[in-house]
Amino acid sequence: MKLNFFSPTVFLRWSKNLIPVGLIVTTVLLGIGLYWSLFLSPDDYQQGSAVKIMYVHVPAAWFSLAAYAVLSTMSALHLIFRAPMASLLGKASAITGTAFTAVCLITGSLWGKPMWGAYWVWDARLTSMAILFFFYVGYLGLYYGFDNREHASKMASILGLVGAFNLPIVKWSVEFWSTLHQKTSFMSLSAPSIHSSMLTPLLLMAAAFASYYGTLLLILVRRDLLKQKHQRQIQTDILNHIREAA
Amino acid sequence: MTPFFSGQNISCIRSGNNVFSSKDFSLNKGELLFVTGPNGSGKSSFLQILSGLSTSNQGHLHWNGLKIKTPSQNHFQRLHYLGHDRALKDDLTPFETLCFWSNMPASMISDTLELFGLNNHKYRPIKCLSHGQKQRLTLARLHLSEKPLWILDEPTTGLDEPSFHTFVNALNIHLQKGGLAVIATHAPFQVPFPTQVISMTGTIGKTL
Amino acid sequence: MKLSFCAHLHQELSLSWRNKSSVLLQCTFLVLASFLFPLGLSDLSTLETLAVPILYVLALMAFSNSFPQIFQKDFEDGTLTQLYLHPVSIHRIALIKALALWISHGLILVAIAPFLAMLLKIPMDLLPLIILSLSLSLLAAALIGTLAASLTLGSKNKFFLTSVLVFPLFVPLIIFGTHAPLSETWSPFLMLLGLFLLYLPISIWLSGFALREALTQ
């Protein structure tokens, strides 16, 4: 059943106009958000200014999970409806998701040093993020692991589908595991009890990340579609050339 | 008379390359179709489409008047496909291999092995067999399968003169019983049954 | 000319029996690692706390060594195509491979577990629970491995890819599997059983789909 979902021509037409808008919005939001979080928001009484890493760490975590949800949905759509745009959107989500997860892990590591004196802490969130990172690497590894692109995208979509079931299980089992050895110190890199003065910059940064994610999706999918179009054009040119020469 | 097994406008596009296009054929019971052409011309791809392993980019296959939708378990049930890979396990013996693939009684299996000159190697692991002997074993397996449609990709490579005759005899018996056969080969041979030839021209870029 | 489930399974197991190299490799790895760990510790009293997780992780890693090759040989020599065309349901092919893998490779590991428990100084009264949870974990792991192998069939960098795919799926198995012998309740065992029951239909269904795609590309 072929669903006319996101036809490539419509997408190319819209993305041409939306991408510059997205870039401007992202820059503006990121600028305001960073300024607010770094200079206008208060220090935490316990953690000092190190808490400000949270303004990057937490939205990165949110959007790595959001990208993952989009990836799973696109994988399902790709397998059920055979829509090629779905697999391109899934791959773009995977690339951005990997970046967000990496940012989350690195900022988490940098936050851990001033908090507990260690660059890595085995708490539930960081561990789940690390596993999610492996999942993204596996998805991209499958996507780029075959010469036949169509086959590769199908295999990657199957993994995306498996991940939809599996990641909640992994998250839950990691949380169970972390309760086993949380004796005295409550190690958690979740945001401290949110005061409104901290909420606004957090939401601003979240909006900036959302805009960044959306714009990046548009850019990456557009690039893939144009590349496909270009390759098809080259092949038609070769065939015409052979036909003329014959 | 409607042909028993036929295909219209069969075409194959691989990685953007037009391997072949607009091939038609029709085969009746007791008939043989040779598929010829140079190496790389798409003979194997054509046979794979006929067996339902791949799907034709255009056109359809019909069996006994009904359109075949790939992949189709019904279609698989009536055909025996012999690819380039001989599907033999080195650690098993010819006897075990034939027992596994065909539910025939042991006596029949022994008879078939004798027919194809493998009696002395019945219980030796396949890794000890020569190339020609392995080929004969694949043909023995073909002989034991009671499927009406044979789709064979270069079945006679590596066969010596006596084995070649054994194979042709087995093919004749199959055709006489009303079976159909599609054989890809560089060298078509004579059989006392209606024969057709399809040639894969082998030029990439021929118009669709 | 139907191929029965038992005959098919019997063939898989016969092939494993006649070519024992991968089974021997994984058992050797496990035994050597169990010798090397205590040799690496300066304070052997810590071995008691580490023993059960070490056994588990090593067993699962040894088991996963054979994953990339599950379908490879059959795919290369045309047997997979012939089975598919026989016709044997592609899902049954996946199921039999997973089952044969568990029997030939997994249960062997469980069989040498008592010897390893002795080396790693695991208390003997934990042994029945360890055997039970290890068997269950390896059963789920066999399903995971079959899925990973079917997804990576025909790919480049197969070993790297299979390991990366399998790792997130192994995490709950490790967590519940190591917790099971040491817990007072049956709930981790029930979790393992639940995981197996969840992975069974998903793995077999998706493996069949992936295998069919690989055969018909």
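Attention shifts here to the overall build of chain C. The helix and strand tally for chain C stands at 9 helices and 0 strands. Reading chain C from its N terminus to its C terminus gives the helix and strand order α-α-α-α-α-α-α-α-α. In summary, chain C has a C-alpha radius of gyration of 18 Å against a globular reference of 17 Å for 217 residues, a match within 12%. For chain C, the C-alpha atoms occupy an extent of roughly 60 × 35 × 30 Å along the three principal directions. Expressed as a percentage of its 217 residues, the buried residues of chain C come to 48%.

Right, let's get into the interface of chain C and chain A. Opposite the 22 residues of chain C that make contact, chain A presents 24 residues. For the side of chain C that touches chain A, the elements supplying multiple residues, two or more each, are helix H8 (158-182) and helix H9 (187-215) of chain C. A total of 10 residues in the side of chain C that touches chain A trace back to one element, the largest contributor, which is H8(C). Here the residues of the side of chain C that touches chain A are counted per class, giving 15 nonpolar, 5 polar and 2 charged.

Let's shift gears to the sheet that holds strand S1 (residues 5-14) of chain B. All names here are of chain B. As summarised here, the arrangement of the 4 strands in space is S2-S1-S4-S5, forming an open sheet in which the pairing is antiparallel. The sheet terminates laterally at strand S2 (17-27) and strand S5 (66-68), the two strands that pair on one side only. Neighbour-to-neighbour, the strand axes of this sheet turn through a mean angle of 30 degrees, independent of strand direction. Where strand S4 (residues 60-63) lies against S5, 3 bridges are found, and the strand directions are antiparallel. Bridge pairing in S5 places leucine 61 opposite isoleucine 68. Its contacts with the sheet place helix H1 (residues 43-51) against S1, S2 and S4, and it is angled at close to 125 degrees to S1.

Attention shifts here to the domain arrangement of chain A. Accessible area lost upon the coming together of the parts is a frequently used measure of interface size. Residue and element names in this part refer to chain A. Domain annotation of chain A identifies domain 1 (8-41 + 199-246) and domain 2 (50-181). Computed from C-alpha atoms alone, the centre-to-centre distance between domain 1 and domain 2 is 20 Å. Facing 17 residues of domain 1, the contacting portion of domain 2 comprises 16 residues. Those elements giving two or more residues to the side of domain 1 that touches domain 2 turn out to be helix H1 (8-40) and helix H6 (196-245). Looking at the side of domain 1 that touches domain 2 element by element, the count peaks at 12 residues for H6. A class-by-class count of the residues in the side of domain 1 that touches domain 2 yields 14 nonpolar, 2 polar and 1 charged.

An ideal rise of 1.5 Å per residue puts 40 Å on 28 residues; helix H2 (residues 54-81) of chain A measures up with 40 Å between its terminal C-alpha atoms. Phi turns positive one or two residues past the end of H2(A), at A:Arg82, with a value near 55 degrees.

Let's shift gears to the packing of helix H7 (residues 127-151) of chain C against H8(C). Residue and element names in this part refer to chain C. Interaxial distance between H7 and H8 falls to 10 Å at its minimum, and their mutual angle equals 165 degrees. Regarding the angle of H7 to H8, the classification is roughly antiparallel. The handedness of the crossing between H7 and H8 comes out as right-handed. Here H7 contributes Leu129, Ile130, Ser133, Leu134, Ser137, Ala140, Ala141, Ile144, Gly145, Ala148, Ala149 and Leu151 to the contact with H8, which in turn contributes Thr162, Leu165, Val166, Leu169, Phe170, Leu173, Gly177, Ala180 and Pro181. Class assignment for the residues of the contact of H7 with H8 results in 16 nonpolar, 5 polar and no charged.

What follows is about the sheet that holds strand S7 (residues 149-153) of chain B. Residue and element names in this part refer to chain B. Pairing is parallel in the open sheet, where 5 strands are placed in the order S6-S7-S8-S3-S9. Sheet topology places strand S6 (79-82) and strand S9 (195-199) at the edges, where each strand pairs with a single neighbour. Ignoring which end each strand starts from, the neighbouring axes of this sheet average 15 degrees apart. Summarising the sheet, strand S3 (residues 32-36) and strand S8 (residues 180-184) pair through 4 bridges and their orientation is parallel. Its bridge partner lying in S8, valine 35 is registered against alanine 184.

Attention shifts here to the pairing of S6(B). Residue and element names in this part refer to chain B. With burial as the criterion, each face of S6 is covered, one bearing Leu79 and Tyr81 and the other bearing His80 and Leu82. Here S6 pairs with S7 via 4 bridges, running parallel. By the bridge assignment, leucine 82 is partnered in S7 with leucine 152.

Turning our attention to the nonpolar core. Residues C:Leu55, C:Ala59, C:Ala140 and C:Ile144 are the most contacted members of the largest nonpolar core, which totals 177 residues. Residue-level mapping places this core at the junction of two domains, with at least three residues from each of domain 1 (8-41 + 199-246) and domain 2 (50-181) of chain A. Each residue touching C:Ala59, except ones within four places of it in the same chain, is listed here: C:Leu30, C:Leu109 and C:Leu134.

All names here are of chain A. At a minimum axis separation of 9 Å, helix H3 (residues 84-116) and H6 run at an interaxial angle of 130 degrees. One way to sum up the angle between H3 and H6 is to call them oblique. Judged by the twist between their axes, the crossing of H3 over H6 is right-handed. Taking contact as the criterion, the partners of Leu88, Leu89, Ala92, Ser93, Ile95 and Thr96 in H3 are, on H6, Tyr213, Leu216, Leu217, Leu220, Val221, Asp224 and Leu225. When the residues that make up the contact of H3 with H6 are grouped by side-chain class, the tally is 10 nonpolar, 2 polar and 1 charged.

Rules of the game
Residues numbered from 1 in each chain as written. Chains lettered and ligands numbered in written order. Predicted model: local features only at pLDDT ≥ 70, side-chain atom pairs only at ≥ 80, totals over all residues. Helix = DSSP H or I, 4+ residues; strand = E, 2+ residues; numbered from the N terminus. Rg over C-alpha atoms; globule rule 2.2 N^0.38 Å. Buried ≥ 20, exposed ≤ 12 C-beta atoms within 10 Å, placed from the backbone. Contact = placed C-beta atoms within 7 Å. Nonpolar A, V, L, I, M, F, W, Y, C, P; charged D, E, K, R; others polar. Pairing = 2+ DSSP bridges. Axes fitted to C-alpha atoms, helices over the stretch in contact; angles between N-to-C directions. Domains from an automatic or database assignment. Expected span 1.5 Å × (residues − 1). Parallel < 35°, antiparallel > 145°, perpendicular 65-115°, else oblique. Left-handed = near helix turned anticlockwise from the far one by under 90°. Core = buried A, V, L, I, M, F, W, Y, C linked by C-beta atoms within 7 Å.

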